[in-house]
Amino acid sequence: MYAFVSALSAWAIPAIIVFIPLYAYFRRVPVYETFVEGAKDGFQTSINIIPTLVGMMVAISVFRASGAMDWMVSMLRPLLDWVGIPGEVMPLAFLRPITGAGSLAFTTDLIKMYGPDSMIGRIASTIQGSTDTTIYVLTVYFGAIGIKKGRYALKVGLFSDLVGFIAAIVVCFLVFGFITG
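Treat the numbers as computed from the prediction; the structure is a model and nothing was measured. (Residues numbered from 1 in each chain as written. Predicted model: local features only at pLDDT ≥ 70, side-chain atom pairs only at ≥ 80, totals over all residues. Heavy atoms only, no water.)

Describing the UniProt feature "domain: Nucleoside transporter/FeoB GTPase Gate" (unreviewed entry) in the protein chain
Here's step 1: This chain's UniProt record puts "domain: Nucleoside transporter/FeoB GTPase Gate" (unreviewed entry) on residues 47-148.
Here's step 2: Between the first and last C-alpha atoms of residues 47-148 the distance is 18 Å; the span itself is 78% helix and 0% strand. (UniProt positions renumbered as here; feature names shortened; annotations may be inferred. Helix = DSSP H or I, 4+ residues; strand = E, 2+ residues; numbered from the N terminus.)

Regarding the nonpolar core
Here's step 1: Core analysis: the biggest nonpolar cluster contains 28 residues, and Val89, Met90, Phe94, Leu110, Ile123, Ile127 and Ile169 have the highest contact counts within it.
Here's step 2: Mapped onto this core, the elements with two or more residues apiece are α2 (31-65), α3 (68-83), α4 (90-95), α5 (100-114), α6 (119-130) and α8 (151-176).
Here's step 3: Apart from the residues within four sequence positions on either side, Ile123 is in contact with Pro86, Val89, Ile169, Cys172 and Phe173. (Core = buried A, V, L, I, M, F, W, Y, C linked by side-chain atoms within 4.5 Å. Buried < 20%, exposed > 50% of the residue type's maximum accessible area, 1.4 Å probe, protein only. Contact = heavy atoms within 4.5 Å.)

Quick notes on the packing of α2 against helix α7 (residues 134-145)
Here's step 1: Relative orientation of the contacting elements α2 and α7 amounts to 140 degrees, with a least axis distance of 8 Å. Both α2 and α7 take part in a crossing whose hand is right-handed. The segment α2 lies against α7, with Thr45, Ile49, Thr52, Leu53 and Met56 engaging Ile135, Tyr136, Thr139, Val140, Gly143 and Ala144.
Here's step 2: Of the residues assigned to the contact of α2 with α7, the class counts are seven nonpolar, four polar and no charged. (Axes fitted to C-alpha atoms, helices over the stretch in contact; angles between N-to-C directions. Left-handed = near helix turned anticlockwise from the far one by under 90°. Nonpolar A, V, L, I, M, F, W, Y, C, P; charged D, E, K, R; others polar.)

Thoughts on the packing of aromatic side chains
Here's step 1: Considering all chains together, one arrives at two aromatic pairs under this definition.
Here's step 2: Judged by centre distance (5.6 Å) and plane angle (25 degrees), the rings of Phe19 and Tyr23 are stacked. On the criterion of helical spacing, the pair formed by Phe19 and Tyr23 is a turn pair, its members being four residues apart in helix α1 (residues 2-26).
Here's step 3: Of the residues examined, Phe19 reaches a relative accessible area of 51% and is grouped as exposed.
Here's step 4: Judged by its relative accessible area of 45%, Tyr23 falls in the partly exposed class. (Phe/Tyr/Trp six-rings, centres within 6.5 Å; stacked < 30°, edge-to-face > 60°.)

Shown next as structure tokens:
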């Protein structure tokens, strides 16, 4: 069974890539022209979201450079220490909803500093996989299609990130024990 699933997964993507154009060809769809038209639309969408991306990147830079993130972490540090959550992972709660690349870089630094098998490394990795770049996603996708009122989507997305953050910590403590460091 394992060999069958491995072979199926190895051939699934190439089969789909071959099947779709062949199917379109036999249905008399102009495959190349349709692809080019879609590429034009994609390029125009990219141009349309550049101002939104620039604004978001400036906001992230200001947030980090101003010391606001460090201040927020220092304010939460006593509570985190009391609960037993390593404070080193707290910046991920602020970075992850905003930027995927920034949170990945921060996670990489934590893993280099504390090791991949440390509780901090495990929690950071689990947070990275359990949360999303909510603000980035809303900025790019809502900006691309012109949605102006995304307040409820933002609330639900950030709440989901909070739940993912807490669940990642709880799961790591349950699976790996209550060892810090």
